[in-house]
Structure formats: C-alpha cells, structure tokens
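A closer look at the structure
This is what each chain is made of:
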Amino acid sequence: MNVTGTVAPEGRSLLYDRSARTRWRLGFDRWIGRLLPLLFLVAILPILSLVYYISAKAVPTLSWTVLTSTSPYRTDALGVPIIGTFEVMTVATLLAVLFGLFGGIATAEFLSDRVAGWVRMSANLLVGTPSIILGYFGYFTFVLYFGWGLSFIAGVFTLSFFMTPYIFRTADLAFTSVPRHIREAALGSGAKPAQYILRIGTPIAFPQILTGIFLAMAIGVGETAPIVLTTTPGVLAPHSIYSPVTFLTQLIWENFAQAPSTGLQTLAFQAAFLLMVTVIILNVVVRLISNRFRKRLEGLYQ
Amino acid sequence: MILIGIIVALIGATSFTNFGWQFFSFHWDPPQNQWGIGVFLVGSFLTAVPALIFSMLIGIGIAVASTTYLPEYLTRWLDPFVDLLAGIPSVVYGIWAFVIVAPIFGATIEPWLVGNVYFIPGFGPPIRSDGLGILISIFILTLMALPITTLLIRDALRSVPKDLWESGLALGATRWEVVRRVAIPHGRRGIFSAAFLGFGRAFGETVAVAMVLGAATNLPKNVYDTGNTVAAQMFELLDSAIGGTGSPQFLAALAEMGLVLLAISLVVNILGRRLIASLYTEQVQGL
C-alpha cells in the first residue's frame, strides 16, 4: 500500500521543528495571546473606576428623603427630577413603541423589498445621527414652529423620535426572523395577515421586541442634548403637557454647567448614580431576555 | 422614518442665508458678526480622529483576544463589560471625566508628557493645570467609540467561516498568523465599517465633550490646550440661546453648523452601513 500525502523529511515534522524561525513564530503567538487579553483592562478599568467613584460620591449622602422629597427643583432633593424623568420616559416610550412597532411590522411584512431597504437604511442613519442634531430638530419643530415652547410635550416627542429607530430595528428584525416554515404554514392554512401577525408572529417575536424596548429606554434615559434643548427645568413636577419638566440628565448638565457649588455637585452625582444604576439594570434585563430568547428560538428551529 | 428627510429639509430651509464660504473661516466672534466655524471643525477632527485610531487599535486587539485566544467561559464575562461602555450615558462620562479623570491628567499624565515627549510637535509646554482640553477629550471619545468598534470587529471576525480558520491552522500556521493573514483580510469590510461608525460616534458626541473640552473659540496651541467641537459648540450655543435672545444671524449660524455636522455624520454613516449591508447580502448569498 502506498503512503499518500507528504511526509516530513527525516525528523523535521513541524511539531519537532526547533529552528529559530519556528521558535519565534510559536513564541510570538503565545505572547500575543497573553498580551492582547490585557487590552480588556482598557475597557474594564474605566468602567470600574466610573462606577466606584460615582457611587463613592453619591451613596454616602443618598437617603430616602433625597429620593422621595418633592421639594422644589435644585435644592436638596431629587423627587421632582425623578418624577419628571419617569413621566417623560413613560410617554416617550409609549410613543416610540407605537411608531417603532407599526413601522417594524409594516416593513417586515408589507413593504416591498426596495422600499423596506430604504426604510431600514434611514432607521440606521437615524441611529447614527448625533443627538445634538435631533435636539436641534426638536427645538425648531416642536418648540418654535409648533409653538409648544420649552415643554413636557416637546421633550417627549423629541425623545420618542430618538428612541423609535431602536425599537423599529428590533421589531423589524424580530418579524423578519420568524422561521419561514411557521409563517408559510400560518398563511398557507388561510390566516389573514392580521391574524398571522397577532396570533403567530407577535408571540414569537415578542421577547426580541421587548429587548428592543428596554434598549431604547436605556439609551433614551441617558440622553441629554435633546432634552436640554426642548424642555426647561421645572421647579415642580409637571402638571400639564405644556409645563416645564426636569429630567435627570438635564439636572446633571445644569448643575454642572451653571453653578458648580458643592451642594449642587453632590446632587448631580446622586442623579448620575441613579442614571447609572438604571442603565445597568436595563442592560442586564436586555441580556437576560435575549439569552432566554436565544434558547427558545433554538427550540423553535428543532 | 421620513424624519431624516424632514431634518435635512428643515436645516436646509433655515440655513440658506448669508454666509457662504466665509463660514469655514477661523474667525468666530459673534459681536463682530464673524461666524467662522473653522476652529470647531478643526477641534472636531483633532479629537475624533485620534480617538478613532486608538479605539480601532484597542478594538482590534480586544476582538482578536476575544475570538481567538480566550476561552469561552472568560469571554462570556468579559465581553459584557465592553458592551456596558456603550450604555453609560454621556453626561455620566462627562461628570466622571471632569471631576475624577481631569485632575489625574492635569497633575500626572500631562506633566509627564511635557517632561518626556516634548520633542513631538504639539506635545511641548505650556500645560493647563486643570487637565481639561484636547487630550482628555480624546481619552473620553476613545472610550465612547470603543464598544462600537469592538462589537463590529468581533462580529466581522466571528463571521469568518470556520473552514478557513481550521484550514489555516491545519496548514501549520499559528493562531496569530491565521488572524493576521486570513481572518482580518476576510473581515476587512466589517472592520472598515467599524471605523466609519466609530468615527460617526466620536464626531457627533456632544455633552461629554462639552464638559471636558473647555469651550474655547481659538485654535488649540498644543494637545493640552482647550478647544471645541462643532457638536459641543452647537449645544452650548443653543443651551444659552434658549432664553430667546437669538438674532437671525445667530440662528442661521447654528443651522449651518447643524448642516455641516449632519452632512459629515450622514456620509460617514452611509459608508459604514453600506459596507455592512453588502457584507450581509454576501453571506446570505453564500449560504
């Protein structure tokens, strides 16, 4: 029987090769494999430093009364900004879910490929647009052109435009990635498109859409420029849609930019701490849902 | 989604006024009716380009480590940290940089640089003691662009077919040689798109930069000096103009700054997205 393939010439198989060049190659590979992971420190150290210092500045002075007292803005309490943030985020999220979900379903199910491509592209571009541009747009459209003034409603609309593309993209992706055989089985056995979307598509796509919503919330709650440019800090919690409203990020910016005294800075750090915790929790939730979702989807494909 | 169109139309409509090429001059002096944004454009590029270079280099390093060298049980814990960098709000970065990082830069890093690498143009004295300026902005922008670049490069490297990895290894190449000669060339589109989108992020970043760059209106003398970017300058102007004291010229100047910023970020984003889009169609067709 012939031996095919190449055989290393006497004793020079690569595994036993001890020439300088091979030693250099293997050594380089080993060392770069040890050094490159150190680059993770570039990402991890700042995160730890940020979390540590902001907690250190905020936690000792943080108390239940600071969080809940609704004494007027910019004194010593965060009650007003927290209520403001909560209200703005609730309405803005609802609007963004409305726009994003309808847009996503329409794009995934009804639009022709060409149009859908354009819509997806513009959603992607909207994600990449600097937030200052959206703030500027909101300022000109809602505050000046519609004459709403610096108000709750102008901030809500601007922020919801900011959040919409994130929800849109996940809704679109979720409905497009419903397994083809399930979609065709539903439509083939006589379901109307609306029935398919409500009964079949939505339950399958739901977890992914949920991650999109939480992601959009995490990004929206940390947005500063659109909010600062479209609302003005209110002394009290908003009582009508045209009244001023205070957002946490706005409080940080205002306290930082205008009056860098110790008390206001402490308040800014407390607000930053709250924001950070909120964002981290939202991110963890996103991760948990998407992990669970991946398992479910794998089950679906089997 | 028609919003993009609205934005372009709106900004275009409010800005076709009386500046012309004067607008790109280096003379910003509103009381004298001089509205040149050259200083801010220079500031934008001066901070965004180095930040992009750093974040690309670090991003490639992290992505290679994560896809090639580290075992899965480690990357499962390490990768989320990088993703978390993307989630931290920019005001939080800003306040952290201003209060915690700037003193470190002012007291330690910048004096060291002046003492040791002063011979590089732009790194010589004088320095400011508070640490605010170009250098710390580059640092912050690097951190903010890092998750985008890392994520996209990681995806690009993961999308290299396993066959190619294994045939490379089977031919006797080391892991580094496979990454260098096979995986990076194969994923180059994803890597380029990471560069474009990371640049878009760094270029358009507003609040954090407004907090640490120092809001100057003259050209920076060296890397320790203060400056300003288009986005941050717009933000500060709008924030102070909101009281309602805007002259028509003032609003027009803002509109043109917005237009310039939007144009640059749109070009960068379209290029980046097209690269990814063609990447995906290629993969789908390949299946």
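We now turn to the structure provided with this report. (Residues numbered from 1 in each chain as written. Chains lettered and ligands numbered in written order. Predicted model: local features only at pLDDT ≥ 70, side-chain atom pairs only at ≥ 80, totals over all residues.)

1. Observations concerning the overall build of chain B
Across its full length, chain B carries 11 helices and two strands. Each of the 287 residues in chain B was classed as buried or not, and the buried ones make up 50%. Taking as baseline every contact in chain B between residues at least 6 positions apart, the subset at least 24 positions apart corresponds to 78%. (Helix = DSSP H or I, 4+ residues; strand = E, 2+ residues; numbered from the N terminus. Buried ≥ 20, exposed ≤ 12 C-beta atoms within 10 Å, placed from the backbone. Contact = placed C-beta atoms within 7 Å.)

2. As for the overall build of chain A
For chain A, the count of helices and strands is 12 helices and zero strands. Helices (α) and strands (β) of chain A occur, in sequence order from the N terminus, as α-α-α-α-α-α-α-α-α-α-α-α. For chain A, buried positions account for 44% of its 302 residues. Considering only contacts in chain A between residues 6 or more positions apart, those separated by 24 or more positions represent 77%.

3. A closer look at the interface of chain A and chain B
In this assembly, 59 residues from chain A lie in contact with 54 residues from chain B. Within the residue set of the side of chain A that touches chain B, elements represented by two or more residues are helix H1 (20–35), helix H2 (40–58), helix H5 (113–128), helix H6 (131–145), helix H10 (225–230), helix H11 (248–258) and helix H12 (262–301) of chain A. Per-class residue counts for the side of chain A that touches chain B are 43 nonpolar, 13 polar and three charged. (Nonpolar A, V, L, I, M, F, W, Y, C, P; charged D, E, K, R; others polar.)

4. Some points on helix H5 (residues 134–158) of chain B
Residues and elements named next belong to chain B. Its 25 residues place the ends of H5 35 Å apart at the C-alpha level, agreeing with the 36 Å of an ideal helix rising 1.5 Å per residue. Roughly 35° is the biggest bend found in H5, and it falls at Ala145, with proline Pro147 one to four residues downstream. With 23 of 25 residues buried, H5 lies mostly within the body of the structure. (Expected span 1.5 Å × (residues − 1). Bend = angle between axes of the 7 residues up to and from the residue.)

5. Side note on the nonpolar core
Residues Ala272 of chain A together with Ala97 and Val212 of chain B are the most contacted members of the largest nonpolar core, which totals 168 residues. Non-local contacts of Ala97 of chain B, meaning those with residues more than four positions away in its chain, are made with Ala102, Ile136, Ile140, Ala208, Met211 and Val212 of chain B. (Core = buried A, V, L, I, M, F, W, Y, C linked by C-beta atoms within 7 Å.)

6. Details of helix H4 (residues 90–116) of chain B
Taking 1.5 Å per residue as the helical rise, H4 of chain B with its 27 residues ought to reach 39 Å, whereas the 32 Å between its terminal C-alpha atoms falls clearly short. Its maximal kink placed at Val101 of chain B, H4 of chain B deviates by approximately 45°, while the proline Pro103 of chain B follows within four residues.

7. A short note on the environment of Leu187 of chain A
Residue position: Leu187 of chain A is located in helix H8 (residues 180–188). Along the sequence, Leu187 of chain A and Leu36 of chain A sit 151 residues apart, while their C-alpha atoms lie 51 Å from each other.

8. Quick word on the packing of H4 of chain B against H5 of chain B
Residue and element names in this part refer to chain B. Viewed as axis vectors pointing N to C, H4 and H5 meet at an angle of 130°, and their least axial separation amounts to 10 Å. Of the possible angle classes, the one that applies to H4 and H5 is oblique. For the pair H4 and H5, the sense of crossing is right-handed. Touching Tyr93, Ala97, Val101, Ala102, Phe105 and Glu110 of H4 are Leu135, Ile136, Phe139, Ile140 and Met144, all from H5. (Axes fitted to C-alpha atoms, helices over the stretch in contact; angles between N-to-C directions. Parallel < 35°, antiparallel > 145°, perpendicular 65-115°, else oblique. Left-handed = near helix turned anticlockwise from the far one by under 90°.)

9. Remarks on the packing of helix H4 (residues 79–110) of chain A against helix H9 (residues 193–221) of chain A
All names here are of chain A. Contact geometry of H4 with H9 gives a least axis separation of 9 Å together with a crossing angle of 140°. In terms of orientation, H4 and H9 fall into the oblique class. Considering the relative orientation of H4 and H9, their crossing is right-handed. Of the residues in H9, those touching H4 at Thr85, Met89, Ala92, Thr93, Ala96, Val97, Ile105 and Glu109 are Pro193, Ile197, Ile213, Ala216, Met217, Gly220 and Val221. Of the residues in the contact of H4 with H9, the class split is 11 nonpolar, three polar and one charged.

Such coordinate-based values are descriptive only and should not be taken to indicate function.
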